[in-house]
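Descriptive structure summary
Listed below, chain by chain, are the residues.
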Amino acid sequence: MKRILLRGLVLAPAALALTACGSDEPDIQGQQPAAVQRPNTAQPNRASDVSQSVVVPSDARVEQAEARHLLPSDAAFYVQISSFDELDELVAPSMAAFGMSAKDGPDLSQALAMLAMFGVNPSQVLRDQPIGIAASLPDPDGEWAPTFILPVRDPSVFANALAGNSSLGPITQQGTYVAVPLHKGYRTDLDHAFAFTDGMAPGLISCRFAAGDLMEQFGPMIPMGMASMRAQATTDDPDAQAFLTGWIDGMEQIVMALENVDLVIAQADEFLEIECKIHLDETSDLANLGSGPGRDLRELSRYVSEDDQLAMLANCDQALVNGPFAGAFEGLAGWLGADDLASLVPAGGISAAFIAHVKPGETDFALIGRGIASGPIEDMVKQGLSNMTDGRAEVIPQEPVEAEQNGKRFLQTDMLPLGSDNPEFAADMLGMLFGEPRARMRMLSQGDEWMLSVGEGKSLRRKMEPSPSLPSDLERALDKVDGASAAFVYRVDYKWLPSDAFQILDGHSDDLASGIQNVMAEAGTDSAWATVWCGMQGAEWTFGTSFEVDVFLAHLKDQQEQMMSAMLTPR
């Protein structure tokens with residue numbers, strides 16, 4: 001199993017902390033922050049020759065997370081790194097992917113080597129233990145007050161070496177950990193420390209940011225910034241303007257309701273997961289989003305298989321449509337030609353899936369909906385077919401065949417290369433994609449459930465089995481948004497989307513033949529998967545992505561080499 005992480009994820013917060021060093025006069029040597037006292041539970045802990053004993057509660061929470069309980073009493077930011085050794089192990093393959101050895105890149109321990117100016121001996125830091133970096137709220141000048149929380153071999157010697165440094169705050173020791181504050185106002189508060197870090201998920205890197213505290217401190221600046229964004233987001237299209245304005249309005253509501261923001265980078269099998277969770281004020285109206293009865297995305301997941309190059313699953317409830325982005329939805333409705341988009345979303349919510357299965361001769365595309373009235377969808381499909389017939393297109397649909405029985409609607413048409421300047425060529429391309437010189441489109445519907453497909457339907461028929469096996473990364477993404485009635489999950493083989501495919505989508509047909517051939521040749525070979533998820537559920541919203549980092553780095557290197565080759569090739 002390869003585990004990889006870029007070094008900058010660690011060096012950035014460390015460097016940020018180091019830049020905030022002050023030069024005030026030192027505190028009395030050995031001054032210790034007041035600890036929380038609890039009767040009959042306190043155990044003295046010998047600190048160093050330069051400090052008096054510190055009474056620290058004998059608390060299971062302390063034993064489980066020594067680094068966290070040394071957080072400053074006013075900590076607004078905290079990042080915990082699993083260990084330097086683990087991160088070094090993860091970085092090595094990323095360097096190798098580009099033909100470099102670990103020595104070619106910056107050593108993670110350089111972040112601590114920079115602390116040598118304060119008397120820190122980096123060799124004393126335990127590289128196999130978690131390391132914490134905390135920061136208190138910035139002062140009026142915008143300067144953050146950082147604190148390093150380090151596991152060391154000999155805490156007493158380590159603390160002794162730092163105690164006389166006039167640039168540091170009071171050095172505090174607990175067990176094998178020593179807090180090294182780069183500011184004078186450092187104090188601890190055990191209750192605050194564990195309240196602030198409660199619920200933080202473990203990972204290679206785990207961060208928490210007290211966004212609500214920062215919003216309160218700089219609150220007046222936020223409306224000013226949003227007003228500036230609105231002034232710049234202007235367009236002559238009234239529907240587009242409504243969408244932009246509604247989007248900014250919604251973002252302002254979210255920002256003002258923020259309490260905490262978490263970021264976790266973790267390993268899951270071959271995949272690296274990067275997940276952000278935002279915690280909102282539970283009294284905010286936003287806390288109602290995604291907590292309705294809603295439709296489960298797993299209703300549609302049975303249509304997805306391991307070899308589909310693209311799968312998008314989404315659900316939506318009324319609270320989302322009528323929520324902070326109501327203005328944006330109104331603009332979107334105008335753009336789609338709908339009078340009222342909210343009226344299309346029933347109390348039970350809606351869900352939809354788009355799936356692309358690309359394989360020479362067996363390509364299928366499907367759009368599936370649940371809870372969405374099929375009548376308006378069918379009308380939109382017919383209008384789209386009419387527009388194709390009236391305009392110039394590579395393919396033109398035949399007159400649709402329609403049928404209805406026992407409330408089930410059926411619509412089918414074949415799109416043939418009758419409108420092309422070269423119908424023989426278009427027929428060959430369709431045959432390459434679908435196995436037939438046509439693109440067969442079907443729409444099956446009953447009430448508020450429907451499926452619109454393009455292709456012969458071979459892959460779709462295979463997916464109708466009761467319990468197909470889902471890809472592991474898609475299964476995990478669905479777990480992340482489980483229970484949310486407003487959610488989105490996206491899985492794509494990004495290696496399958498070369499520039500040729502985008503040229504086809506953009507209508508650049510000069511190289512249509514070679515473009516389709518390249519797309520078909522790459523489909524299903526050496527896949528590179530990435531999964532994205534977003535879920536709103538009450539006051540906790542989650543956003544994340546996962547990907548195979550070794551595969552991603554290899555693909556990135558390949559793209560870099562192709563770009564360099566193209567630049568050096570004479571024209």
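Counting restarts for each chain: residues are numbered from 1 in the order of the written sequence. Where local features are concerned, this predicted model is filtered to residues with pLDDT of at least 70; where side-chain atom pairs are given and counted, the filter is 80 or more; whole-chain, interface and lining totals use all residues. With hydrogens and water set aside, each side-chain value is computed from the structure's full complement of heavy atoms.

Structural notes on the overall build of the protein chain
Using the following cut-off: The secondary structure listing takes helices from DSSP runs of H or I that are at least 4 residues long and strands from runs of E that are at least 2 residues long, numbered from the N terminus. Accessibility here uses a 1.4 Å probe with only protein chains present; expressed as a share of the type maximum, an area under 20% marks a residue as buried, one over 50% as exposed, and anything in between as partly exposed. Pairs of residues are marked as contacts when any of their non-hydrogen atoms sit within 4.5 Å. All accessible areas in this document rest on Shrake-Rupley with a 1.4 Å probe, and a residue is counted as covered only by the protein chains that are shown.
When its secondary structure is counted, the protein chain shows 19 helices and 21 strands. Put simply, the protein chain has 571 residues, and 47% of those count as buried. Intrachain contacts of the protein chain at a sequence separation of at least 6 include 70% that bridge at least 24 residues. Summed over all atoms, the accessible surface of the protein chain reaches about 27,400 Å², with 55% contributed by carbon and sulfur.

Details of the pairing of strand 10 (residues 271-280)
Convention followed: Only strands that DSSP links by at least two bridges are regarded as paired with each other.
Counting buried positions along strand 10 yields seven of ten residues, so the element is predominantly enclosed. Joining the antiparallel neighbours strand 9 (residues 258-268) and strand 10 is a turn of two residues, in which Asp269 adopts a positive phi near 55°. Bridge analysis of strand 10 against strand 21 (residues 540-548) gives nine bridges, and the strand direction is antiparallel. Residue Ile274 lies in a different strand from strand 21, and its bridge partner there is Thr545.

Side note on the confidence of the model for the protein chain
Let me state the cut-off plainly: Values of pLDDT, ranging from 0 to 100, describe the predictor's confidence in every residue of the model.
Taken residue by residue, the protein chain gives an average pLDDT of 75. The fraction at 70 or more is 73%. The low-confidence segment residues 1-64 (pLDDT under 50) makes 153 contacts with residues lying over four places distant or belonging to another chain.

Considering the packing of helix 8 (residues 221-232) against helix 9 (residues 238-257)
For the record, the criterion: Structural elements are reduced to axes, namely lines fitted to C-alpha atoms, with helices fitted over the stretch in contact, and the angle between N-to-C directions of any two is expressed from 0 to 180 degrees. If an angle is under 35 degrees, it is roughly parallel; if it is over 145, roughly antiparallel; if it lies from 65 to 115, roughly perpendicular; otherwise it is oblique. In this scheme, a crossing is called left-handed if the near helix is turned counterclockwise away from the far one by less than a right angle; it is called right-handed if the turn is clockwise. All amino acids are sorted into three groups, where Ala, Val, Leu, Ile, Met, Phe, Trp, Tyr, Cys and Pro are nonpolar, Asp, Glu, Lys and Arg are charged, and the leftover types, Gly among them, are polar.
Direction vectors running N to C along helix 8 and helix 9 enclose 165°, while the axes themselves pass 10 Å from each other. Viewed along their axes, helix 8 and helix 9 adopt a mutual orientation that is roughly antiparallel. Crossing of helix 8 over helix 9 shows right-handed handedness. Touching Ile222, Pro223, Met226, Met229 and Arg230 of helix 8 are Ile248, Asp249, Met251, Glu252, Val255 and Met256, all from helix 9. The residue makeup of the contact of helix 8 with helix 9, split by class, is eight nonpolar, no polar and three charged.

Regarding helix 5 (residues 155-162)
Residues separated by three or four positions in an α-helix point in the same direction, a consequence of the helix having 3.6 residues per turn. Just so we agree on the cut-off: The directions from the helix axis to the C-beta atoms are what the arc is built from.
Inspection of helix 5 places Pro155, Phe158, Ala159 and Leu162 among the buried residues, and these make up the whole buried set. All buried residues of helix 5 fall inside an arc of 95° around its axis, so they share one side.

Brief notes about the pattern of salt bridges
The cut-off we apply is this: Salt bridge, as used here, is a side-chain nitrogen of Lys or Arg placed within 4 Å of a carboxyl oxygen of Asp or Glu.
Under the definition given, this model contains 20 salt bridges. Between Lys480 and Glu275 there is a salt bridge; the shortest N-O distance is 3.2 Å. Taken together, the positions of Lys480 in helix 16 (residues 472-480) and Glu275 in strand 10 put the pair 205 residues apart, joining distant regions of the chain. Overall, Glu275 belongs to the buried group, its relative accessible area being 11%.

Here we look at the nonpolar core
The cut-off we apply is this: Residues belong to a common nonpolar core when they are buried Ala, Val, Leu, Ile, Met, Phe, Trp, Tyr or Cys residues joined through side-chain atoms within 4.5 Å.
Formed by 39 residues in total, the largest nonpolar core has its most connected members in Ile278, Leu280, Leu286, Val381, Met441, Met443 and Trp541. Other than its neighbours up to four places away in sequence, Trp541 contacts Ile254, Cys276, Lys277, Ile278, Leu280, Leu286, Leu289, Gly535 and Met536. Leu162, Ile205, Leu310 and Ala356 belong to the second-largest nonpolar core, a separate cluster that totals 35 residues.

Re the packing of aromatic side chains
To be explicit about the condition: Ring pairs shown here join Phe, Tyr and Trp side chains whose ring centres sit within 6.5 Å, with only the six-membered ring taken for Trp; geometry is labelled stacked below 30 degrees between planes, edge-to-face above 60, and tilted in between. Ring-over charges, as used throughout, are those where CZ of Arg or NZ of Lys falls within 6 Å of the ring centre and within 35 degrees of the ring normal.
Under the definition given, this model contains one aromatic pair. Positioned above the aromatic ring of Trp529 is the side chain of Arg491, whose terminal nitrogen or guanidinium carbon lies 3.6 Å from the ring centre.

Quick look at a nonpolar patch on the surface
To keep things clear, this is the line we draw: For patches, a residue must show more than 30% relative accessible area and have no salt bridge; joins then use 9 Å for like charges and 5 Å for nonpolar side chains, namely Val, Leu, Ile, Met, Phe, Trp and Tyr.
On the surface, Phe243, Leu244, Trp247, Met251 and Leu332 cluster together into a nonpolar patch covering about 400 Å² of accessible area. It is helix 9 that contributes the most residues to the nonpolar patch, four residues altogether. The exposure class of Phe243 is partly exposed, given its relative accessible area of 34%.

Considerations on the side chain of His279
Here His279 is to be found in strand 10. His279 sits in the buried class, given a relative accessible area of 17%. When sequence neighbours within four positions are dropped, the list of residues in contact with His279 reads Arg208, Ala257, Leu258, Glu259, Asn260, Asp262, Ala539 and Glu540.

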